[in-house]
Amino acid sequence: MAGNGVAYDPDSSRRSQDDTATLIPHSGNLEGSSGRGVKTTRFKDDDEVVEITLDVQRDSVAIEDVRAVDDSGSGHGGGFDGLSLVSPSSSRSGKLASKLRQVTNGLKLKNSSNKPQQSQVGKNVRKRLDRSKSGAVVALKGLQFVTAKVGHDGWAAVEKRFNQLQVDGVLLRSRFGKCIGMDGSDEFAMQVFDSLARKRGIVKQVLTKDELKDFWDQLSDQGFDNRLRTFFDMVDKNADGRITAEEVKEIITLSASANKLYKLKERAEEYTALIMEELDPTNLGYIELEDLEALLLQSPSQAASRSTITHSSKLSKALSMRLATNEDKGPFYHYWQEFLYFLEENWKRIWVMTLWLSICIGLFVWKFIQYRHRAVFDIMGYCVTTAKGAAETLKFNMALVLLPVCRNTITWIRSKTKIGAVVPFNDNINFHKVIAAGVAVGVALHAGAHLTCDFPRLLRASDAAYEPMKPFFGEKRPPNYWWFVKGTEGWTGVVMVILMSIAFLLAQPWFRRNRLKDSNPLKKMTGFNAFWFTHHLFVIVYTLLVVHGICLYLSRKWYKKTTWMYLAVPVLLYVTERVIRLFRSHDAVRIQKVAVYPGNVLALYMSKPPGFRYRSGQYIFINCRAVSPYEWHPFSITSAPGDDYLSVHIRTRGDWTSRLRTVFSEACRPPTDGESGLLRADLSKGITESNARFPKLLIDGPYGAPAQDYREYDVLLLVGLGIGATPLISIVKDVLNHIQQGGSAAGTEPEGSGRTKKRPFMTKRAYFYWVTREEGSFEWFRGVMNEVAEKDKDGVIELHNHCSSVYEEGDARSALIVMLQELQHAKKGVDILSGTSVKTHFARPNWRKVFKHVAVNHDNQRVGVFYCGEPVLVPQLRQLSADFTHKTNTRFEFHKENF
């Protein structure tokens, strides 16, 4: 058909046109899909044919699809998401837009004229017609009752669980959540049950399999309007089509409980008023379905968009292509790449371990060959060569095992020299454990060969064979086995084996961390105290080792008794360290402030000792004699080098930390308005009778840690899990201090380096990701978050808080929490969980997207990835660092804190 254009009204009784337009009939009838109210029609204008698909419902009309089609009727353009996706560059875009506007105006007029008395209907039509692409995405992802973690295994698995949980062929209401896979949210699941049952007129508290299947079909329906109706019905308990303030409060309380947000639950009334103020401005006392939809489909804030959308789409696309898996490569290529990744990540460890093993093997072989050519070999055979070879490696390892725990020396070397570029000082404790394992192997070979092999062979030797042994064992042959054991060489060796076995056993994680079951009789003998005291048996062990090495059967010349030669320098170095530690920790620090936070965290703010210098990321040892006069425990420093105080945040995880928290809590008071924490005390306001009772603290340090090298990187990616955020908070504060001092491009060597030489401050951008399970955790560093938000005007530091106890965004159980988050932040600029301007994300981050975001925005730069927390996340972050280093131009270097 020819003509200038037409806009079709679904009733065919109303048309709107431009002054110059000639109306012509539409090219076809409206086609409806049964039961859905979806209708399609086409319009022709000169050589253009446009097909429009409408979703016509009882009280609203929405444009589902707009596409250009050729004369044969086949679409040659992709479907358009609403009016906004008509290409502005098209030569006919103006005409198409004009026709679509006519359609829109006609639809609005029709719906407003049908129900003029219901102003909300017209509002609803406009909302649905104006639903943007971002709104459609939200609709697609939001209010999911069936997610990747709930019911993802389909009806077959639900049916299987029904068969396991049913009683006399029916499913109890209390078991509904477990049956559909909604574990851990029984109360929420029962509310879903009630809403679905209420809709169907079911009053009994049980379901048959057919009824469960009907419930499941509705919950698993991917249509957003259906999911919205299900959620609305769950809130609207009296089924009157209106949600009152009391019903809003109840669903807020329910959602807070399901997500373990107990503080939010306490403020349910406040947040109810916030929602009603937004959705019921005329104070009608209720909200309707379209109001709830508007709240659910609100677009993300610009701040959130900026933090997640990169500025370079081309680079992002190229990055995605480079990170795509190589499906055409064979398995050999995959293993070869993994091997190369392993070498690049671990080359420092590899060469150190290779050197250590080579020395051990060399010493063993040297002593083995030496005794192979001595007369004693004719009687004792390879037993004595094995024992002596193991003894030589044992002497070397007993000397070497002290070096990794010389913390002052290691801190000085890594801070003052470049040796850290080739030596993995961050693995000092792990290397200490490896050497200890080497000691255990040496002890087993040495003692085993002597006690079970060469001594019995000597006792059975003939008189002729024994003749060459007289210079070593005496003119008279040893009468029995006991003669060897009761001698100085024997009893010193036996005692050393016993003491070393005890220390080695109690140093294992299941003993040191007291992981034994309460019913285990050994539980009272384990824990950190047992580890600490038994480890200090080394003083006796080293004394006996020197005596044992002097009183040798087969070596009489002093220069061949080399045990003391191996031990002299390491023991002297270690003793010097302990003496320095003793004098340095003699004076107690003055407590300035104490705060007890939710999650069993104790924050201590103390004065800086004279001359105390440190770097962000380092740690100190703390001793409290009121708790235990001998125990020293390490804690990361949370203050920055530029602060005039020293602070640590201590999480209660054992006996010592529990007692420390109790001792300080006794002198604290509840917080006043505006203060965070459960209990507080501030001595900066003056000494009082109560806070004067604070116990004295001794500190020792600082000591080097992986995070202290952050200044060497252009960009920082800081990842903290729970209390593992402590060393990273210090880094964030230090970066902020440099921003205030004149920018991040340059700076001076930090306190603790002992240098006055100018040194560039490399860091130009920092990303901080903090993941925690408990909402109360955000109080720990609320002041730092607010300080960054207030003073970081250039956006150098990007903060991301994640609460993993909240179900992922899109899950129906967290839908209302997301709504509240958006409302609270939009109206007051304050997060509902942290109480800061930093918006909290729900569930764990997608770490691949995080790395991609950093790589895209920082091409050809070095990114230092610093992680502190439980080891569960280490493999993933390490692998992502390797992947993005090899497949992008950005270099990621991963460091983890021993935690």
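Fair warning: this is a prediction, and the values are worked out from it, not measured in the lab. (Residues numbered from 1 in each chain as written. Predicted model: local features only at pLDDT ≥ 70, side-chain atom pairs only at ≥ 80, totals over all residues. Heavy atoms only, no water.)

**Observations concerning the overall build of the protein chain**
Along the backbone of the protein chain there are 33 helices and 23 strands. Looking at the protein chain as a whole, 49% of its 899 residues qualify as buried. For the protein chain, the share of sequence-separated contacts (at least 6 apart) that also reach a separation of at least 24 residues comes to 69%. Counting every atom, the protein chain has about 44000 Å² of accessible surface; 56% of that belongs to carbon and sulfur. (Helix = DSSP H or I, 4+ residues; strand = E, 2+ residues; numbered from the N terminus. Buried < 20%, exposed > 50% of the residue type's maximum accessible area, 1.4 Å probe, protein only. Contact = heavy atoms within 4.5 Å. Areas by Shrake-Rupley, 256 points an atom, 1.4 Å probe, with all protein chains shown as cover.)

**Some remarks on the pairing of strand β16 (residues 715-721)**
Buried residues dominate β16, accounting for 6 of its 7 residues. Looking at chain direction, β16 and strand β19 (residues 765-772) are connected through 7 bridges and run parallel. When the sheet's bridge partners are listed, Leu 721 is paired in β19 with Val 771. As paired elements, β16 and strand β22 (residues 862-868) share 6 bridges and run parallel to each other. The residue of β22 that forms the bridge with Leu 716 is Gly 864. (Pairing = 2+ DSSP bridges.)

**Observations regarding the packing of helix α9 (residues 245-258) against helix α11 (residues 268-279)**
Axis separation between α9 and α11 bottoms out at 9 Å; the angle between their running directions is 125°. When the axis of α9 is compared with that of α11, the two are oblique. Like other packed secondary-structure pairs, α9 and α11 cross with a definite hand, here right-handed. Contacts between α9 and α11 involve Ala 245, Val 248, Lys 249, Ile 252 and Thr 253 on the former and, on the latter, Ala 268, Glu 269, Tyr 271, Thr 272, Ile 275 and Met 276. Of the residues contributing to the contact of α9 with α11, the split by class is 7 nonpolar, 2 polar and 2 charged. (Axes fitted to C-alpha atoms, helices over the stretch in contact; angles between N-to-C directions. Parallel < 35°, antiparallel > 145°, perpendicular 65-115°, else oblique. Left-handed = near helix turned anticlockwise from the far one by under 90°. Nonpolar A, V, L, I, M, F, W, Y, C, P; charged D, E, K, R; others polar.)

**Observations concerning the sheet that holds strand β12 (residues 633-636)**
One open sheet accounts for 3 strands, arranged β12-β11-β15; its pairing is antiparallel. A single partner strand is all that each edge strand has here, and the edge strands are β12 and β15 (697-703). Strand-to-strand twist of the sheet, defined as the mean angle between neighbouring strand axes without regard to direction, takes the value 30°. Across 5 bridges, strand β11 (residues 619-624) lies against β15 in antiparallel orientation. Each bridged residue has a counterpart across the sheet, and for Tyr 619 the counterpart in β15 is Tyr 703. Along the sheet, helix α18 (residues 407-416) makes contact with β11 and β15, crossing β15 at roughly 40°.

**Looking at the sheet that holds strand β21 (residues 840-842)**
An order of β21-β20-β19-β16-β22-β23 is seen for the 6 strands of this open sheet, with the pairing classed as parallel. Strand pairing shows two members of the sheet lacking a second neighbour, β21 and β23 (891-896), which therefore form its edges. Pairwise comparison of adjacent strand axes, ignoring direction, gives a mean angle of 20° for this sheet. On the sheet, helix α29 (residues 726-740) packs against β16, β19, β20 (797-803) and β22 and is oriented at approximately 145° with respect to β16. Packing of helix α32 (residues 847-857) onto the sheet brings it into contact with β16, β19, β20, β22 and β23, and relative to β19 it is tilted by some 170°.

**Observations regarding helix α31 (residues 815-828)**
One turn of an α-helix holds 3.6 residues; hence residues three or four places apart share an orientation. End to end, α31 covers 20 Å across 14 residues, agreeing with the expected 20 Å (1.5 Å per residue, within 8%). Buried within α31 are the following residues: Ala 815, Leu 816, Ile 817, Met 819, Leu 820, Gln 821, Glu 822, Leu 823 and Gln 824. Just beyond α31, the residue with positive phi is Gly 829, at close to 70°. (Expected span 1.5 Å × (residues − 1).)

**Quick word on the state of the cysteines**
Scanning the entire structure with this criterion turns up 1 disulfide. Covalently, Cys 383 is tied to Cys 453 through a disulfide, its sulfur atoms 1.5 Å apart. Here Cys 383 is found in helix α17 (residues 382-400), whereas its partner Cys 453 is found in helix α19 (residues 428-459), with 70 residues between them in sequence. (Disulfide = S-S within 2.5 Å.)

**Considerations on the packing of aromatic side chains**
Considering all chains together, one arrives at 26 aromatic pairs under this definition. For the ring pair Phe 176 and Phe 215, a centre distance of 6.2 Å and an interplane angle of 80° mean the geometry is edge-to-face. Here Phe 215 lies in helix α7 (residues 209-219) and Phe 176 lies in helix α5 (residues 176-180), a separation of 39 residues in the sequence. For the pair Phe 176 and Phe 215, a shared accessibility class is recorded, and that class is buried. Measuring from ring centre to ring centre gives 6.0 Å for Phe 364 and Phe 368, while their planes differ by 25°; the resulting arrangement is stacked. With Phe 364 and Phe 368 both in helix α15 (residues 331-372) and 4 residues apart, the pair spans about one turn of that helix. In textbook terms, an aromatic cluster arises when at least three aromatic residues are bridged by ring pairs, as seen for Phe 364, Phe 368, Phe 377 and Tyr 382. Over the ring of Tyr 286 we find Arg 242; its NZ or CZ atom is 4.1 Å from the centre of that ring. One residue, Arg 581, lies across the ring of Phe 621, its end atom 5.1 Å from the ring centre. (Phe/Tyr/Trp six-rings, centres within 6.5 Å; stacked < 30°, edge-to-face > 60°. Lys NZ or Arg CZ within 6 Å of the ring centre and 35° of its normal.)

**Considerations on the environment of Phe 778**
Mapped onto the elements of the fold, Phe 778 is located in the loop between β19 and α30 (782-791). For the pair formed by Phe 778 and Gly 599, sequence separation is 179 residues and the distance between their alpha carbons is 9.9 Å. Leaving out residues up to four positions away in the same chain, Phe 778 has contacts with Trp 770, Thr 772, Asn 801, His 802, Cys 803, Leu 833, Ser 834 and Thr 840.

**Overview of the packing of α19 against helix α23 (residues 488-506)**
Two numbers describe how α19 lies on α23: the axes approach to 12 Å, and their chain directions differ by 150°. Handedness of the α19/α23 crossing: left-handed. On the side of α19, the interface is formed by Ala 436, Ala 437, Val 439, Ala 440, Val 443 and Ala 447, while α23 contributes Val 497, Met 500 and Phe 504. Considering only residue class, the contact of α19 with α23 consists of 9 nonpolar, no polar and no charged.

**Considering the confidence of the model for the protein chain**
Close inspection of predicted coordinates is inappropriate for parts of the model with low pLDDT. Per-chain confidence: the protein chain averages 74 in pLDDT, with 72% of residues scoring 70 or above. Segment residues 72-140: pLDDT under 50, and 111 contacts once partners within four positions in sequence are set aside and those in other chains are kept. This model gives residues 744-757 a pLDDT under 50, and the stretch forms 34 contacts once residues within four places in sequence are excluded. (pLDDT = per-residue confidence, 0-100.)

**What to know about the nonpolar core**
Within the largest apolar cluster, 88 residues are counted, with the highest numbers of intra-cluster contacts made by Phe 176, Leu 212, Ile 252, Leu 264, Leu 716, Phe 768 and Ile 797. Ranked by residues supplied to this core, first place goes to α29 with 7 residues. Among residues more than four places away in sequence, those in contact with Leu 212 are Trp 155, Val 158, Phe 162, Leu 171, Phe 176, Cys 179, Ile 180 and Leu 207. Counting residues in each nonpolar core, the second largest holds 27 residues, with Val 596, Leu 602, Val 627 and Leu 646 among its members. (Core = buried A, V, L, I, M, F, W, Y, C linked by side-chain atoms within 4.5 Å.)

**Quick notes on unusual backbone geometry**
One non-glycine residue, Asp 168, lies in the positive phi region at around 60°. Looking at where Asp 168 falls in the secondary structure, it is placed in the loop between α4 (154-165) and β5 (171-172). For Asp 168, a relative accessible area of 76% gives the class exposed. Phi at Asn 860 takes a positive value of approximately 60°, unusual for a residue other than glycine. Note on placement: Asn 860 falls in the loop between α32 and β22.

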